[in-house]
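Fold and contact review
Here is how the chains run, residue by residue.
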Amino acid sequence: MPAFSEDVMGVVTERIEDRFQMPLADLRRAVQAAPQANLDATSVVHWYGLLAETQDALDTAEDALVEALGTHPGELDDAVMELAHRVNAAVTARDGRVMVVNYLLDPLAPGKRGPGAWRGAGPAARRAPALPTSAPALPGERGIPTRGVTR
């Protein structure tokens, strides 16, 4: 299974390097030296680190499961099932972190303020209430009298 894991990490690494036009190791050093210089890069490097930790945990869980399956042929006991659940949880966590990194790398992702985001409306227009919140103006006393009312 490590080949698939390496593919996932390789694809994410390649996307980061394409986005920031530098090798990941250089980007990490730049973020460490000046984290406020580019907040997008800082976020991506942070989440990539979390992703790498999760990938390591997944690899460890997979190795333990493969070893247990090799020593317990036949019906799976509770210990092996627990290892399988641990692998599933690690895959879910890894995939979630991949999604976060992909979102951070996409300048046109929904909710981002950048080129193409919320075309047309400015920030104030996006925060305006959907319905009017002030009371409607009442008609003046001059006008057509209400039926049955005399003055």
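Located above this text is the structure these notes cover.
Residues numbered from 1 in each chain as written. Predicted model: local features only at pLDDT ≥ 70, side-chain atom pairs only at ≥ 80, totals over all residues. Heavy atoms only, no water.

**Some details on the pattern of salt bridges**
Any two side chains of opposite charge can pair if their charged atoms end up close together. Counted according to the given criterion, the structure contains three salt bridges. With a shortest N-O distance of 2.3 Å, Arg29 and Asp26 are connected by a salt bridge. Linking Arg29 with Asp26, this pair stays in helix H2 (residues 24-33), spanning three residues, or about one helical turn. Residues Asp95 and Arg94 are paired through a salt bridge, measuring 2.8 Å at the closest nitrogen-oxygen approach. For Asp95, a relative accessible area of 35% gives the class partly exposed. (Salt bridge = Lys/Arg side-chain N within 4 Å of Asp/Glu carboxyl O. Helix = DSSP H or I, 4+ residues; strand = E, 2+ residues; numbered from the N terminus. Buried < 20%, exposed > 50% of the residue type's maximum accessible area, 1.4 Å probe, protein only.)

**Some details on the nonpolar core**
If you look at the biggest cluster of nonpolar residues, it comprises 17 residues, and the most contacted ones within it are Val12, Ile16, Phe20, Leu27 and Tyr48. Of all the secondary-structure elements, those providing two or more residues to this core are helix H1 (2-20), H2, helix H3 (39-71) and helix H4 (78-105). Setting aside residues up to four positions removed in sequence, Val12 forms contacts with Tyr48, Leu51, Val98 and Val101. Listed in part, the eight residues of the second largest apolar core include Ala61, Leu83, Val87 and Ala90. (Core = buried A, V, L, I, M, F, W, Y, C linked by side-chain atoms within 4.5 Å. Contact = heavy atoms within 4.5 Å.)

**What about H2?**
Listing the buried residues of H2 in full gives Leu24, Leu27 and Val31. Each buried residue of H2 lies within a common arc of 55 degrees when the element is viewed along its axis, so the set occupies one face. Residues of H2 that are exposed and angled more than 90 degrees away from the buried face: Arg29, Gln32 and Ala33. (Arc of directions from axis to C-beta.)

**A word on H3**
If you check H3, its first and last C-alpha atoms are 48 Å apart, about what 33 residues at 1.5 Å a residue would give, namely 48 Å. Its side-chain oxygen at 3.0 Å from the backbone nitrogen of Asp40, Asn38 defines the N-terminal cap of H3. (Expected span 1.5 Å × (residues − 1). Polar contact = N/O pair within 3.5 Å; in protein donor to acceptor, adjacent residues only side chain to side chain.)

Keep in mind that these numbers describe shape and distance, not what the molecule does.
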